[in-house]
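Chain by chain, the residues run as shown.
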Amino acid sequence: FGLVGGTPEISAEYIDANKSYRYSAPQDFFGKARYNITCRNKGNDGVAGNADDKIVQSNDFWVVFDPVNDKPEISVKDRPEAYEDQLYCNVYNASDVDGDSLSWDMNSNASWLKRAGRNISGIPLQEDVGLYWVNVSCDDNNGSMVFSNFTLIVHPTQDPPEFVKQVPNVQFFE
């Protein structure tokens, strides 16, 4: 057997036990390559690979690697801590090797937390101190979605004291 053709991206490996070839390509590669396989008889000298070998069969064929939709990858880490009366903000980013356009969503039990595009933000108040769940999702609009789920803790801050009652002016006599 002899095999010629192909592309630099696709490798062909002869598997002697099965009398077959295994074709492989790098991750995220798609495309096709043309090959020619030739079967020869040993020539008069009985040794394969010499000039007197006779071609018995020769066929061209294509190896096709179809594209596969890959999930997007979120490249920004979650910010799991917020502080009372201070702006909490995290701008998410993601990439998609397929070049698909990405859309974002966010669900949470934190009513003070809002989403605008890839940005989640809000200002937690004193009554918001505690633990919340947050689920950020990125969809490639082509059947693949990735999620980032985390627990968000809102820490209290030390508020300055407040006057609850005005003290009247008092005079002291000696």
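Above this text is the structure in question.
Scope of this entry: the structure provided in the associated data block. On a predicted model such as this, the values are computed, not experimentally measured, just so you know.

### Here's the deal with the packing of aromatic side chains
Any pair of aromatic rings gets described here by the distance separating the centres and the angle formed by the planes. Tallied over the entire structure, the rule returns four aromatic pairs. Measuring from centroid to centroid gives 6.2 Å for Tyr88 and Trp112, while their planes differ by 90°, and the two rings are edge-to-face. Taken as a pair, Tyr88 in strand 8 (residues 88-91) and Trp112 in the loop between strand 10 (103-108) and strand 11 (114-116) lie far apart in primary sequence, 24 residues in all. By relative accessible area, which is 1% here, Tyr88 ends up buried. With 6.2 Å between their ring centres and 85° between their planes, Trp112 and Tyr132 make a pair best called edge-to-face. A residue pair is termed long-range when its members are at least 10 positions apart, and Trp112 in the loop between strand 10 and strand 11 and Tyr132 in strand 13 (residues 130-139) qualify at 20 residues. Judged by relative accessible area, which is 14%, Tyr132 ranks as buried. Among the aromatic residues, those joined into a cluster by ring pairs are Tyr88, Trp112 and Tyr132. Of note, Lys32 hangs over the ring of Trp62, and the distance from its end group to the ring centre comes to 4.6 Å.

### So, the side chain of Asn90
Position of Asn90 relative to the elements: it lies in strand 8. A residue is classified by how much of its surface remains accessible, and Asn90, at 7% relative accessible area, is buried. At 3.0 Å, the side chain of Asn90 and the backbone oxygen of Lys77 are in polar contact. In contact with Asn90, other than residues within four places in its own chain, are Val76, Lys77, Asp78, Arg79, Arg118, Asn119 and Ile120.

### Observations regarding the pattern of salt bridges
Under the defined criterion, the tally for this structure stands at two salt bridges. Here Arg34 makes a salt bridge to Asp60, at a shortest N to O gap of 2.2 Å. In this pair, Arg34 sits in strand 4 (residues 31-41) while Asp60 sits in strand 5 (residues 54-65), placing the two residues 26 residues apart along the sequence. A salt bridge links Asp105 to Arg115, with the nearest nitrogen and oxygen atoms 3.8 Å apart. Of this pair, Asp105 sits in strand 10 while Arg115 sits in strand 11, placing them ten residues apart in sequence.

### A word on the sheet that holds strand 12 (residues 119-122)
In space, the three strands of this open sheet follow the order 8-12-11, with antiparallel pairing throughout. Bordering the open sheet on either side are strand 8 and strand 11, each of which pairs with just one other strand. Geometrically, the sheet is characterised by an average inter-axis angle of 20° between neighbouring strands, direction not taken into account.

### As for the pairing of strand 8
Side chains Tyr88 and Asn90 of strand 8 all project onto a buried face; the interleaved residues Cys89 and Val91 project onto a face where none is buried. Pairing analysis gives four bridges linking strand 8 to strand 12, with the strands arranged antiparallel. Counterpart to Tyr88 in the pairing with strand 12 is Gly122.

Cut-offs applied
- Residues numbered from 1 in each chain as written.
- Predicted model: local features only at pLDDT ≥ 70, side-chain atom pairs only at ≥ 80, totals over all residues.
- Heavy atoms only, no water.
- Phe/Tyr/Trp six-rings, centres within 6.5 Å; stacked < 30°, edge-to-face > 60°.
- Helix = DSSP H or I, 4+ residues; strand = E, 2+ residues; numbered from the N terminus.
- Buried < 20%, exposed > 50% of the residue type's maximum accessible area, 1.4 Å probe, protein only.
- Lys NZ or Arg CZ within 6 Å of the ring centre and 35° of its normal.
- Polar contact = N/O pair within 3.5 Å; in protein donor to acceptor, adjacent residues only side chain to side chain.
- Contact = heavy atoms within 4.5 Å.
- Salt bridge = Lys/Arg side-chain N within 4 Å of Asp/Glu carboxyl O.
- Pairing = 2+ DSSP bridges.
- Axes fitted to C-alpha atoms, helices over the stretch in contact; angles between N-to-C directions.

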